[in-house]
Amino acid sequence: MKNDIILQLSIRSIRLNFLRSLLAAIGIVIGVVAISSMGMMGANMTLSVTEELSAMANVLVVKPGSGSSGGGGMMGGGGAPGMGGSSDEDDYISKSQFEDIERTAGKYGLVYPVYQESETIEVSDREGHATIYGMRDEDMASVLTVEEGALPKTSSSVVIGPTLAENYGLTIGSRITLGDEDKNETVQKVRVVGILEEKGMSMDLNSDSAIIMPEKAYVGRFGGEDEYTQVNVILSDIDDADAATEAIEDQLNRKEEEVAVQDSSRMMDSITSTVSTLTTFVMAIAGISLLVAATSIFNVMMMSVTERVREIGILRSIGTQKSEVLRMFIYEAVILGLVGAGIGAVMSLILGWLVVLVMVGTTKFFFMAESLIYVPMAMLIGVAICIFSGVYPAWRAANLDPIEALRAD
Amino acid sequence: MKEVPVIELADVSKIYPLPSGDVVALDHLSVRIDRGEFVAIMGPSGSGKSTLLNQIGGLDVPTSGTLKITGRNIRKMSDEELTSLRLNAIGYIFQKFNLIALLSAYENVEYPYILKQRCNDTTGRVSRLLEDVGIDRRMAEHKPAELSGGQQQRVAIARALVNDPAILLCDEPTGNLDTKTGAQIMEMLKDLHRQGRTVIIVTHDPAVGDQAERIIRIRDGRVEEA
Ligand SMILES: Nc1ncnc2c1ncn2[C@@H]1O[C@H](COP(=O)(O)OP(=O)(O)OP(=O)(O)O)[C@@H](O)[C@H]1O
Ligand SMILES: [Mg+2]
């Protein structure tokens, strides 16, 4: 390669017009940096959202069907018993419905019912609201992970989520007052016996800022025994989501819309695809900068050809083939592209890292293949654009009439 | 059997179509040059001397008529073949030197060698040629812009010779030089002729023309009968 005189000529021409070539290469640098850092940002965003969502992706949530239910707001403190025998008119999932779900979806994973209410709470004179869950003892043991302390055994003990614990400065042994005296609600004091591990966003159970008490204690306070707010299915295999959903719907919704099954994997798909659409859009905008770069490379190459018409004439007249002249100018474009893309790649890593840190908030996915792939990809696009915009000038140079070219001054 | 002429033009015309009307640079011209001849082409300015030389050198294609170089009809040759012909069989020395500005004197001479051999010169041929034309080692490192006109023309001669061409075409090789340097260049060309090359030289200087074996005079694109 060292004695490729054609390559030597390209390199010398670039060196001779160093500033001009540098400016053209900078266009490519900017384009490559823009595309790859936007791409990396998108990839990192997708990866981090996916990670957050995948914790809840294996969950099906079965809620009372919207079908014929008559509005039915939150149940009061007393809790109205079911109207008559038919439960499908009510805003809860009945025991028999739960058993149907367990029977049909049990083979796909763990099926458990929860009660849920929102309640005023007070901790040493600080008032607020919290979600209260009621769960069966055996479900608590298999679904909840205790970070500190233990699961509640008595009706006056609860476990709480870590966010709630932090917000109210609660520790093991702290007391929480449930209910608001001013609103004539039954006031009840409970004791924190355990604090849960952080769980993150979730569809089945937002335990991080909730209070969870045993079923008996919950029913004792809010009533509505065997009238579950929702039934969750934790799938053993996420691929079963559709099969399980179908099984439940076939069983319960045969006559009318008794229950609604929410498949969180579908939701995750739509969120991921939204993020990637966004990324593509942002990258397309970044791509415009490469278009600008292409124009500048084209311009530089045209100038190079115009300035070197006489030289091209000489080269041709002493026996340089058209294809060799073509190659000379393509080399020039490729060198500009490679230099630009190389510098661009290094800068993408630095700038991309910063962008990801600022926009996504974490760089823990930065060095994963899905993210770094955008650097070589953007480099490739950059070099390709250089070659593309160098082709016409090179073709023109190669096809100059040697006599005409020699006459130029 | 008679030997095939190196150059044979039969009824060759070259017309440049211009908006202001066609310019007939060569007008039904027939010329024959044999191997080993030393020919001078003379004529007033604009008579078509350079145009003729460009046809002979395979740089241009006649509008009509037949042109054969070493027996081959150039009309039947592709651009690639014509380019190879220029590289291998023809040494062209231009009035304006036409060296490559990006390359040093040495590299200018080496350039056609590399094009042909596909490798750098390790035989010392380039250095020897430069020495022969009076360019020393130090000067050979200079770019054309740093050389005098006479030095540039010497480099151009060395370049024309590097691939050992059978035909040497010179368009006013002494036109831009002083009398003394011009005379030295002429001595070199005569030397090359003595070595057996066909030398064709365009000039309007009678002193130069007289040194040739034969003079072809042209006027208005036609050969003037002597
Ligand atoms: N590329 C061209 N386009 C148009 N006309 C041309 C071209 N080349 C040459 N001519 C015309 O052809 C004629 C012959 O030109 P040519 O250069 O061959 O003359 P010449 O004998 O070499 O003159 P000089 O002694 O001045 O170099 C001139 O009238 C010139 O104007
Ligand atoms: Mg001329």
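**Q** Teacher, can you tell me more about the pattern of salt bridges here?
**A** Opposite charge on two side chains makes pairing possible when the charged atoms of those side chains draw close. All names here are of chain B. Under the defined criterion, the tally for this structure stands at 20 salt bridges over all chains. One salt bridge in this structure joins Glu-187 and Lys-190, with 3.3 Å as the shortest N-O distance. With Glu-187 and Lys-190 both in helix α7 (residues 179-194) and three residues apart, this pair spans about one turn of that helix. Judged by relative accessible area, which is 42%, Glu-187 ranks as partly exposed. A salt bridge links Asp-191 to Arg-194, with the shortest nitrogen-to-oxygen separation between them at 2.9 Å. Of this pair, Asp-191 and Arg-194 are both found in helix α7, three residues apart, which corresponds to roughly one turn of the helix. For Asp-191, a relative accessible area of 38% corresponds to the partly exposed category.

**Q** Quick question: what am I supposed to make of the side chain of Asn-163 of chain B here?
**A** By the secondary structure assignment, Asn-163 of chain B is in the loop between α6 (149-161) and β7 (167-171). Of note is the side chain of Asn-163 of chain B, whose polar atom sits 3.3 Å from the backbone oxygen of Leu-87 of chain B.

**Q** How do you make sense of the site of ligand 1 when you look at a structure like this?
**A** Residue and element names in this part refer to chain B. Neighbouring ligand 1 are 15 residues; Ser-45, Gly-46, Lys-49, Ser-50 and Thr-51 lie closest to it. Residue Ser-45 places a side-chain N or O atom 2.5 Å away from an oxygen atom belonging to ligand 1. Gly-48 is positioned with one of its backbone polar atoms (N or O) 3.0 Å from an oxygen atom of ligand 1. Protein chains shield 74% of the accessible area of ligand 1, which is 630 Å² for the free molecule. Examining the composition of the shell around ligand 1, we find that three residues originate from one element, helix α1 (residues 49-56), more than from any other. In terms of residue class, the shell around ligand 1 is built from five nonpolar, six polar and four charged.

**Q** In this structure, what is going on with the layout of surface pockets? I would like to understand it.
**A** The gaps of empty space that remain are located by a probe, the size of a water molecule, rolled over the atoms. When its volume is computed, the largest pocket comes out at roughly 530 Å³. Every element with two or more residues in the lining of the largest pocket is listed here: α13 (402-407) of chain A together with α1 of chain B. In terms of residue count, α13 of chain A provides more of the lining of the largest pocket than any other element does, four residues in total. Among the residues making up the lining of the largest pocket, the classes are represented as eight nonpolar, five polar and five charged.

**Q** Please clarify how empty space enclosed by the protein should be interpreted in this entry.
**A** All names here are of chain B. Taken as a whole and assessed by the stated rule, the structure comprises two cavities of 30 Å³ or more. Of the voids in this model, the largest cavity is the one considered here, and its volume is about 110 Å³. Lining the largest cavity are 14 residues, and of these Arg-86, Ile-90, Gly-91, Arg-159 and Ala-160 sit closest to its centre. Those elements giving two or more residues to the lining of the largest cavity turn out to be α2 (79-88), β6 (90-93) and α6. Of the residues assigned to the lining of the largest cavity, the class counts are eight nonpolar, four polar and two charged.

**Q** Before we go on, may I ask you to explain the sheet that holds strand β8 (residues 198-202) of chain B in this structure?
**A** Backbone-to-backbone hydrogen bonds join strands into a sheet, with any given pair of strands oriented parallel or antiparallel. Residues and elements named next belong to chain B. Taken together, the six strands give an open sheet; going across it, the order is β6-β7-β8-β3-β9-β10, and neighbouring strands pair in mixed fashion. Two strands close off the open sheet at either side, each with one partner strand: β6 and β10 (222-223). Both strand β9 (residues 214-219) and β10 contribute to a ladder of two bridges, which runs antiparallel. The partner of Ile-218 across the bridge, within β10, is Val-223. Sheet contacts for α6: β6 and β7; angle to β6, the most-contacted strand, approximately 170 degrees.

**Q** What should I look at first to understand unusual backbone geometry in this one?
**A** Note on backbone geometry: most residues besides glycine have negative phi, and most peptide bonds are trans. A positive phi angle, close to 35 degrees, is found at Ser-124 of chain A, a residue other than glycine. Here Ser-124 of chain A falls in the exposed class, since its relative accessible area comes to 68%. Of note, the phi angle at Thr-70 of chain B is positive, near 40 degrees, even though the residue is not glycine. Counting through the fold element by element, Thr-70 of chain B comes out in the loop between β4 (64-69) and β5 (72-73). On the basis of relative accessible area, Thr-70 of chain B is assigned to the partly exposed category, the value being 39%.

**Q** Where do I start with a negative patch on the surface in this structure?
**A** Residues and elements named next belong to chain A. On the surface, Glu-147, Glu-148, Glu-166, Glu-197 and Glu-198 cluster together into a patch of negative charge. Its location among the elements puts Glu-147 in strand β5 (residues 146-149). Look at Glu-147 and you get exposed, because its relative accessible area is 54%.

**Q** Please explain the environment of Ala-57 of chain A as it appears in this structure.
**A** All names here are of chain A. Considering the arrangement of structural elements, one finds Ala-57 in helix α2 (residues 18-57). Judged by relative accessible area, Ala-57 falls into the buried class, the value being 1%. In this structure the C-alpha to C-alpha distance between Ala-57 and Tyr-331, which are 274 residues apart in sequence, comes to 51 Å.

**Q** Explanation requested: the domain arrangement of chain A in the structure shown.
**A** When the parts of a complex come together, some accessible area is lost, and that lost area is often taken as the interface size. Here chain A is partitioned into domain 1 (2-53 + 272-407) and domain 2 (59-236). Put simply, the middle of domain 1 of chain A and the middle of domain 2 of chain A, counted by C-alpha atoms, are 59 Å apart.

**Q** So what exactly am I meant to see when it comes to the interface of chain A and chain B here?
**A** Every contact between the two is made by 24 residues of chain A and, on the other side, 27 residues of chain B. Counting the contacts that link chain A with chain B gives three salt bridges. A salt bridge links Asp-79 of chain B to Arg-316 of chain A; the shortest N-O distance between them is 3.0 Å. In this assembly, chain A and chain B are joined by twelve residue pairs in polar contact (both at pLDDT 80 or more). The residue makeup of the side of chain A that touches chain B, split by class, is ten nonpolar, six polar and eight charged.

The rules behind these values
- Residues numbered from 1 in each chain as written.
- Chains lettered and ligands numbered in written order.
- Predicted model: local features only at pLDDT ≥ 70, side-chain atom pairs only at ≥ 80, totals over all residues.
- Heavy atoms only, no water.
- Salt bridge = Lys/Arg side-chain N within 4 Å of Asp/Glu carboxyl O.
- Helix = DSSP H or I, 4+ residues; strand = E, 2+ residues; numbered from the N terminus.
- Buried < 20%, exposed > 50% of the residue type's maximum accessible area, 1.4 Å probe, protein only.
- Polar contact = N/O pair within 3.5 Å; in protein donor to acceptor, adjacent residues only side chain to side chain.
- Near = heavy atom within 4 Å.
- Areas by Shrake-Rupley, 256 points an atom, 1.4 Å probe, with all protein chains shown as cover.
- Nonpolar A, V, L, I, M, F, W, Y, C, P; charged D, E, K, R; others polar.
- 1 Å grid on protein atoms, 1.4 Å probe; cavity = no way out; pocket = protein on both sides within 12 Å on 5 of 7 lines; lining within 4 Å.
- Points joined across faces, edges and corners; volume = space filled by probe spheres on them.
- Pairing = 2+ DSSP bridges.
- Contact = heavy atoms within 4.5 Å.
- Axes fitted to C-alpha atoms, helices over the stretch in contact; angles between N-to-C directions.
- Patch = residues over 30% accessible without salt bridge, like charges linked within 9 Å, V, L, I, M, F, W, Y side chains within 5 Å.
- Lys, Arg positive; Asp, Glu negative; His and termini not counted.
- Charge placed at Lys NZ, Arg CZ, Asp CG, Glu CD.
- Domains from an automatic or database assignment.

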